[in-house]
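Tertiary structure, described
Chain residues, written in single-letter form:
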Amino acid sequence: MSGMLQDTDKTFCRILFDVMLGKGVRDVVCSPGSRNAPLLIAAASREELHKHVVVDERSAAFMALGMACVSRRPVALVCTSGTALLNYAPAVAEAFYQSVPLIVLTADRPEQWIDQDDSQTLRQFEAFSNYVKKSYEIPSWGDEDRELQWYVNRIMNDAMIEATSRRQGPVHVNVRLGEPLGRKTRNPLPSQRIIDMLTSDTIANREVVKELAAEVAGSKVMFVAGFMPPDSRMQRAAAEFCRLHNVVAMTETLSNLHLGRYACDIDAVLTAFPDEELDRMAPDLVVSVGGSLVSRKLKEYLRRNSGRCRHWSLGWHHTTSDCFQSLTKRVEADPARMLHSLYVEAMKKPDSSVAGFGPLWEKAKEQASSAKRRYVESISWSELKAFSMILSKMPTTCNLFLSNGTSVRYAQLLGQRLPHASYCNRGVSGIDGCSSTAVGCAKGFKGMTVLVTGDMSMAYDLNSLALPDIPSEMRIIVMDNRGGGIFRFIRSTSQLEEREEYFCAPPVLPLRQLAAGYGWEYLEAGDEKELKASLATFFSPGNRKILRVVCDGESSAEILKRYMEVRVDKE
Ligand SMILES: Cc1ncc(C[n+]2csc(CCOP(=O)(O)OP(=O)(O)O)c2C)c(N)n1
Ligand SMILES: [Mg+2]
């Protein structure tokens, strides 16, 4: 998108301007200064932009306001550091209350130079926080770093979406810039990704939906579902959408979607084949619903293939959430209705060139699942074994509450037989209140609620046992592997000599005594035979029960690692 003129060598500034152009900005009101030199050069080198140079920032901002009022397009403002930006304040406040989109770009010094008696610096970040829809900050370092370039692209897209969506208004982007400021380049910059925002109003237009559905029909689609409460409308919509031959479903346990043979065992299939083979099977369109994902493998896979893939996120988000680094559409509308509409239209025009995509994954999934199943059947006493026994015996009428650590991951590996509903505190994934949240869930459900938790999480939230009126239909299974077992598994900590003392940190957990004190029946199992015997009565109605399952943490982590290494044999 950068024109033929020489551009600033500050890549971040070039990205900011290219995203603004892609999002429809045509006018920039520029005020002179040195700190903002890269921003002024970027504006000057873009022929598509009309530049208006105004020295007095107060008038500049009011003039921009007037232009945006009449053109109904966002207008950008560029000024230098220091008091310059404070002169924007009256017009920014007026724009906020008139709901006019102004894109306020202010140049700033690198963070380490703020409040250091260097000239023309003041605390700029969030200077307009009461009068803008959102404040952003661009760092002064990492101009060549691809991840930071993705970040700048994403936040500028978000800034433009904020300014122009729902009730419109000004946004503030504070751009930190280090010296040298006036250097230029002729190196081309790849064209910038533009993220579209579609609201219920946009998709009320049938032509828009038809166009989107045509794109779905012609693409290799991966449907990805993160955590969601159970919802029968969503269940129906997802089930029909995933019947399209060009769609593969990656639905996590916590999505509460039950798609039977249409769903993949996510971690099984993504660990059963070499990366190159999986990359050859990569989708070109990801359609996602729900919250954050448990599966690190799936996130890594989609990020690795982000260059060749578009991502449409359906549902309501508080910001531009670009987990797979390939977001191209935020569809802020009822996701079940959207999926249904896409299905109905896509069904009418199936595209044979992508019809093999679903079956390709289905075959891979079957091969992977059976290889992993054979492995699980072969293993000795371990957490993986214990989980497979527990989940196969748990009545499907139960609500399952999982704690963070490995519990939520094991359930996903082995969750083919899904319970009535599955929950976990995955909003921010803390181990602090899992048991208390599970008690709350039990209070809201007439049937049985089963909490499966780790020993550290249980020890953390012992107060949960003292909560009032815990229903008798509550069950707690504590997987006792002597502390944070996840740290014996994950790459970053598993090999550290500090691991056991500083990370796993086995807790003191006198569960038998606590159970007696708080009026719970107590069971304990340390091998397959004992677990089988405990499970025979554990899920029967009656008293509240706690089952402690004792496994060796180290060998369990090894067995889990080996599960991840089981590959599908070449035919
Ligand atoms: C409040 C809080 N503190 C720390 C963490 C980091 N953390 C994640 S998992 C974990 C260990 C959990 O151990 P446990 O409950 O025994 O489960 P396991 O890993 O053994 O399955 C810790 C400390 C966190 N998620 N939340
Ligand atoms: Mg543990």
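Residues numbered from 1 in each chain as written. Chains lettered and ligands numbered in written order. Predicted model: local features only at pLDDT ≥ 70, side-chain atom pairs only at ≥ 80, totals over all residues. Heavy atoms only, no water.

**What to know about the overall build of the chain**
Summing up its helical and strand segments, the chain has 24 helices and 20 strands in all. The principal-axis extents of the C-alpha atoms in the chain amount to approximately 80 × 60 × 45 Å. Across the chain, every contact between residues at least 6 apart in sequence was considered, and the portion connecting residues at least 24 apart equals 76%. Separation of charge centres in the chain, based on 70 positive and 69 negative side chains, amounts to 5 Å. (Helix = DSSP H or I, 4+ residues; strand = E, 2+ residues; numbered from the N terminus. Contact = heavy atoms within 4.5 Å. Lys, Arg positive; Asp, Glu negative; His and termini not counted. Charge placed at Lys NZ, Arg CZ, Asp CG, Glu CD.)

**Notes on the packing of helix H1 (residues 11-22) against helix H6 (residues 146-164)**
The geometry of a pair of packed helices is captured by two quantities: the angle between their axes and the separation between those axes. H6 packs onto H1 with a crossing angle of 35° between their chain directions and a minimal axis gap of 9 Å. The way H1 lies across H6 gives a crossing that is right-handed. Packed against H1, whose contacting residues are Thr 11, Phe 12, Ile 15, Leu 16, Val 19 and Met 20, the element H6 presents Leu 148, Gln 149, Val 152, Asn 153, Met 156, Asn 157 and Met 160 at the interface. Its residues assigned to classes, the contact of H1 with H6 shows nine nonpolar, four polar and no charged. (Axes fitted to C-alpha atoms, helices over the stretch in contact; angles between N-to-C directions. Left-handed = near helix turned anticlockwise from the far one by under 90°. Nonpolar A, V, L, I, M, F, W, Y, C, P; charged D, E, K, R; others polar.)

**What about the site of ligand 1?**
Close to ligand 1 lie 17 residues, the nearest being Thr 406, Asp 455, Ser 457, Asn 481 and Gly 485. Here Ile 431 contributes a backbone N or O atom positioned 3.0 Å from a nitrogen atom of ligand 1. Elements represented by at least two residues in the shell around ligand 1 include exactly helix H18 (455-460) and helix H19 (486-489). Sort the elements by how many residues they give to the shell around ligand 1 and H18 lands first, with four residues. The class makeup of the residues in the shell around ligand 1 is five nonpolar, ten polar and two charged. (Near = heavy atom within 4 Å. Polar contact = N/O pair within 3.5 Å; in protein donor to acceptor, adjacent residues only side chain to side chain.)

**A look at the sheet that holds strand S14 (residues 327-332)**
One key point about sheets: their strands pair by backbone hydrogen bonds, in either a parallel or an antiparallel sense. Across the sheet, which stays open at both edges, the six strands sit in the order S9-S14-S13-S12-S10-S11 with parallel pairing between neighbours. In the strand order of this sheet, the two ends are held by strand S9 (196-199) and strand S11 (247-251), each with one partner. Across the sheet, the mean angle separating the axes of adjacent strands is 20° when strand polarity is ignored. Two strands pair when backbone bridges link them, and strand S12 (residues 285-289) and strand S13 (residues 310-314) are joined in this way by four bridges, in the parallel orientation. Bridge assignment links Ser 288 to a residue of S13, and that residue is Ser 313. Contacts from helix H8 (residues 206-217) reach S9, strand S10 (221-225), S12, S13 and S14 within the one sheet, and its direction differs from that of S13 by about 130°. Most of the contacts of helix H14 (residues 357-378) go to S11, to which it runs at about 45°, and overall it touches S10 and S11. (Pairing = 2+ DSSP bridges.)

**Focus on the coordination of the magnesium ion (ligand 2)**
A four-donor tetrahedral metal ideally has 109.5 degree angles, and a six-donor octahedral metal ideally has angles of 90 or 180 degrees. All of the protein donors around the magnesium ion (ligand 2) are Asp 455 (OD), Asn 481 (OD1) and Gly 483 (O); their distances to the metal are 2.1 Å. As a motif over one chain, the donors of the magnesium ion (ligand 2) read D-x25-N-x1-G. Remark: Asn 481 occurs in the loop between strand S18 (474-480) and H19 and Asp 455 occurs in helix H18; sequence separation between them is 26 residues. Here Asp 455 and Asn 481 have matching classes, each one buried. (Donors = N, O, S within 2.8 Å, 3.2 Å for Na, K, Ca; no water. Buried < 20%, exposed > 50% of the residue type's maximum accessible area, 1.4 Å probe, protein only.)

**Some words on helix H13 (residues 335-348)**
Look at H13: 20 Å from first C-alpha to last across 14 residues, which is about the 20 Å you get at 1.5 Å a residue. Within H13, the full set of buried residues consists of Pro 335, Ala 336, Met 338, Leu 339, Leu 342, Tyr 343, Glu 345 and Ala 346. (Expected span 1.5 Å × (residues − 1).)

**Some details on the nonpolar core**
Leu 384, Val 450, Ile 477, Leu 531, Leu 547 and Val 549 are the most contacted members of the largest nonpolar core, which has 43 residues in total. Among all residues touching Leu 384, those that are not within four sequence positions of it are Tyr 375, Val 376, Ile 379, Tyr 410, Leu 413, Leu 414, Ile 559 and Tyr 563. Grouped together as the second largest cluster of nonpolar side chains are 36 residues, Cys 13, Val 78, Ala 159 and Met 160 included. (Core = buried A, V, L, I, M, F, W, Y, C linked by side-chain atoms within 4.5 Å.)

**Focus: the side chain of Asn 36**
On the secondary structure map, Asn 36 appears in the loop between strand S2 (27-30) and helix H2 (37-44). Residue Asn 36 is classed as buried on the basis of its relative accessible area of 0%.

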